[in-house]
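Coordinate analysis (summary)
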Amino acid sequence: MTPTPADRPLLSARALTKHYGRRVGCEGVSLDVHEGEVLAVVGESGSGKSTLLSLLSGRIVPTSGSASYRMRDGHTRNLATLSEAERRLLQRTDWGYVHQDAATGLRMGVSAGGNVGERLMAVGWRNYGAIRQEASGWLDRIEIDPGRIDDSPHAFSGGMRQRLQIAKNLVTRPRLVFLDEPTGGLDVSVQARLLDLVRGLVTDLGLAAVLVTHDLAVARLLSHRMIVMKGGRVIETGLTDQVLEDPHEAYTQLLVSSVLQV
Amino acid sequence: MPVKHPADHPPHLSLSGVSKTFTLHLKGGIVLPVVHGVTFDVRPGECVVLDGPSGAGKSSILKMIYGSYRADSGAIIVRAADDRDTRDRDTADPPQIDIVTADPRRILALRASTLGYVSQFLRAIPRVSARDLVAAAIREGAAKTPRDTGDDGRGHEQAQEQARALLLRLNLPERLHDLPPATFSGGEQARVNIARGFASRRPILLLDEPTASLDASNRAVVEALIAERRNDGAAIVGIFHDREVRERVATRLVDVTRFAAAATAAA
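Treat the numbers as computed from the prediction; the structure is a model and nothing was measured.

**With respect to the overall build of chain A**
- When you go through chain A residue by residue, the secondary structure sums to ten helices and ten strands.
- For chain A, the C-alpha radius of gyration of 18 Å lies close to 18 Å, the compact-globule estimate for 262 residues.
- Across its three principal directions, the C-alpha atoms of chain A cover 55 × 45 × 45 Å.
- Per-residue burial for chain A yields a buried fraction of 47% across its 262 residues.

Quick look at the structure:
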């Protein structure tokens, strides 16, 4: 039986390593992410999860090892061999990147509609009315009154900004989204709404996602599989419920037992 | 067509020599024996009830079958739901998968197609209504992969209607159907959870004390649902602390005490 494209991973890392001088950012990480699959990367601050996300999304260059991505044309390419133009196109079309701080991911000087419309223009949309209509549809979808399409993100609450950042990323129907602590810094009640939105979009659009979080409840709600990082290395992997209900490593047991039960 | 006796069918689920320990690294690395050498089969139409006192490892066995606990050794063979073309069905048996060694993606696919699990507690998802939770389970069960959730309008409406009927049957008043269950009472949440577990027609059903927080009339509904699923040819493994319920639903008891004793002896 020949494997169908969906059987082949969308994103792969092999022995991915990043050293900052003598300090280890990330050491020998191998993983696969398939279409429609959400992989959570958990660990405490300094465990290397953010470095891993930057490596996987081609934002930094590995010291050794490789990350590769199956492009829309079916060819799997090593990210390090992409030209700058190819990588930027990938980042603007087939990938999304949701930052913890919405102000980093949004263009704060541009209106809400402009933020959503920007990526559409990057993939060749030219009709102003169509762009505005699509942006308005997305605002509605993320529960922001489309009447606020011309407002600046400065006028939005933290939760609204984060939802806007998500819409901005998903408007071009990417196949893979990187989520860096998407609920960090938000009130708990606001988190619930955001998580519900992300969960719905991931399911409806069949997105693959790499979710970096230190919040195990967020990982449990959104992810299928989980990797646990410590000191730049992956120390445990498995189905999300396996890792959380039957953690094997000492550090994972500590993480799980440190969570307040509600 | 007369229903064949369960013994005529190959088992849907087969455990052999399954063992499990917990190593508690935060407690000086002590090793807790759980079960050793668990061996039994479950055939279509059977409801096998795991029997034994609290702490004998009954829930751990269910979780190992579902794959949320990892077995140390042994084999847990699941016959995957037959999603092949009818033309092929006579020529080959459906694939058999060993949960103990299967990779995580294979286990996820099995959960979507084959393995249903009803735990004691509902894991409420913020802001998702009771009816949507149940409807989602109906559509997942009809899909062959986690991704293929049949996102067409007709399937959606049917699932909503089936979810409504099932919730009403479990005496959950209609005014609650549109609300997220996070604010429901324990008994109401348990019924949403049961509706979710029975909504999908997966061929293997794992029940971890589904009747624990129910009153007599709702227990009777669950007993009827179990009987219906058995008639459909589902293979059911359950834990029921209530002796009367156990006697009514079980087609066979498996005494877990000996597996727990074997684990202690092996440790």
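**Some points on the overall build of chain B**
- When helices and strands are counted, chain B shows nine helices and nine strands.
- Taking all 267 residues of chain B together, the buried fraction comes to 40%.
- A separation of at least 24 residues holds for 76% of the contacts in chain B among residues at least 6 apart in sequence.

**Details of the sheet that holds strand β4 (residues 64-70) of chain A**
All names here are of chain A.
- Spatial strand order, β2-β1-β4-β5: four strands in an open sheet with antiparallel pairing. Of all strands in the sheet, those with a lone pairing partner are β2 (23-33) and β5 (76-78), marking the two edges. The mean inter-strand angle of the sheet, taken between neighbouring strand axes irrespective of direction, is 20°.
- In this sheet, β2 lies alongside strand β1 (residues 11-20) in antiparallel orientation, the contact comprising seven bridges. The residue of β2 that forms the bridge with Leu11 is Val33.

**A short note on the sheet that holds strand β7 (residues 204-208) of chain B**
All names here are of chain B.
- Read across the open sheet, the five strands follow the order β6-β7-β8-β3-β9; overall the sheet is parallel. Of all strands in the sheet, those with a lone pairing partner are β6 (115-118) and β9 (252-255), marking the two edges. Strand-to-strand twist in this sheet, taken as the mean axis angle between neighbours without regard to direction, amounts to 20°.
- Strand direction decides the pairing type here: strand β3 (residues 47-51) and β9, joined by four bridges, are parallel. Bridged to Val48 within β9 is Arg252.

**Describing the interface of chain B and chain A**
- Facing 19 residues of chain B, the contacting portion of chain A comprises 22 residues.
- A breakdown of the residues in the side of chain B that touches chain A according to their chemical character gives nine nonpolar, four polar and six charged.

**A closer look at the domain arrangement of chain A**
Residues and elements named next belong to chain A.
- As far as domains go, chain A holds domain 1 (5-94 + 175-257) and domain 2 (108-173).
- With centres defined by C-alpha atoms, the gap from domain 1 to domain 2 works out at 25 Å.
- At the junction of the two partners, domain 1 supplies 13 residues and domain 2 supplies 13 residues.
- When residues of the side of domain 1 that touches domain 2 are assigned to their parent elements, the largest contribution, seven residues, is made by helix α7 (residues 188-205).

**So, the nonpolar core**
- Counting residues in hydrophobic clusters, the biggest one holds 69 residues, and the most contacted among them are Val41, Leu211 and Leu222 of chain A.
- Here this core spans two domains, and each of domain 1 (5-94 + 175-257) and domain 2 (108-173) of chain A adds at least three residues to it.
- In this structure, Val41 of chain A is in contact with Lys49, Leu52, Leu53, Val210, Leu211, Val212, Ile227 and Met229 of chain A, ignoring residues within four places of it in sequence.
- Membership of the second largest hydrophobic core comes to 68 residues, among which are Leu239 of chain A together with Met64, Ala109 and Ile194 of chain B.

**Notes on helix α9 (residues 257-266) of chain B**
Residue and element names in this part refer to chain B.
- For α9, the complete set of buried residues consists of Phe259, Ala260 and Ala263. In an axial view of α9, the angular spread of the buried residues amounts to 100°, which keeps them on one side of the axis. α9 presents Thr264 and Ala265 as exposed residues on the side facing more than 90 degrees away from its buried surface.
- Residues of α9 that are buried sit in contact with β1 (13-24) and β2 (30-42).

**So, the environment of Phe259 of chain B**
Residue and element names in this part refer to chain B.
- Within the fold, Phe259 resides in helix α9.
- What makes Phe259 buried here is the crowd of 27 C-beta atoms within 10 Å.
- In the structure, Phe259 is positioned 242 residues away from Gly17 in sequence and 9.6 Å away in space, judged by C-alpha atoms.
- Those residues in contact with Phe259 that lie beyond four places of it in its chain are Val35, His36, Gly37, Val38 and Gly57.

**Observations regarding the pairing of β1 of chain B**
Residues and elements named next belong to chain B.
- Bridging between β1 and β2 involves nine bridges; their strand directions are antiparallel. Note on β2: the bridge partner recorded for Thr23 is Val31.
- A loop of five residues connects β1 with β2, the two strands running antiparallel in sequence, and Gly28 in this loop sits at a positive phi of about 70°.

**Things to note about the packing of helix α4 (residues 112-122) of chain A against helix α6 (residues 158-170) of chain A**
All names here are of chain A.
- Where α4 meets α6, the closest approach of the two axes is 7 Å, and the angle between their N-to-C directions is 25°. Viewed along their axes, α4 and α6 adopt a mutual orientation that is roughly parallel. The two elements α4 and α6 meet at a crossing, and its hand is right-handed. Across from Ala112, Asn115, Val116 and Arg119 in α4, the residues of α6 making contact are Leu164, Ala167 and Lys168.
- For the contact of α4 with α6, the per-class residue count stands at four nonpolar, one polar and two charged.

**Description of unusual backbone geometry**
- Phi at Ala15 of chain A is positive, roughly 50°, even though this residue is not glycine.
- Within the fold, Ala15 of chain A resides in strand β1.

Criteria and thresholds
What you see as residue numbers is a count from 1 along each chain, following the sequence as written. In the order they appear in the text, chains get letters beginning with A and ligands get numbers beginning with 1. Totals for whole chains, interfaces and linings use all residues, but because this is a predicted model, local features are given only for residues with pLDDT of at least 70 and pairs of side-chain atoms are given and counted only at 80 or more. A run of H or I in DSSP becomes a helix once it reaches four residues, and a run of E becomes a strand once it reaches two; helices and strands are each numbered from the N terminus. Just to be clear, the radius of gyration here is over C-alpha atoms, and the globule rule we use is 2.2 Å times residues to the power 0.38. To sort residues by burial, count the other C-beta atoms lying within 10 Å of each one's C-beta; a count of 20 or more means buried, 12 or fewer means exposed, and anything in between means partly exposed. C-beta atoms are built from the backbone. Contact between residues is assigned whenever the C-beta positions, reconstructed from backbone atoms, fall within 7 Å. Strands are treated as partners if at least two bridges between them are detected by DSSP. Axes here mean lines fitted to C-alpha atoms, for a helix over just the part in contact, with angles spanning 0 to 180 degrees between N-to-C directions. The residue classification treats Ala, Val, Leu, Ile, Met, Phe, Trp, Tyr, Cys and Pro as nonpolar and Asp, Glu, Lys and Arg as charged. All others, Gly included, are polar. By convention here, the domain bounds are inherited from an automatic or database domain assignment. We define a nonpolar core as a collection of buried residues of the types Ala, Val, Leu, Ile, Met, Phe, Trp, Tyr and Cys that are connected via C-beta atoms lying within 7 Å of each other. When we speak of the arc, we mean the arc of directions from the helix axis to the C-beta atoms. Roughly parallel means an angle under 35 degrees; roughly antiparallel, over 145; roughly perpendicular, 65 to 115; everything else is oblique. By convention, the crossing between two helices is left-handed when the near helix turns anticlockwise from the far helix through less than a right angle, and right-handed when the turn is clockwise.

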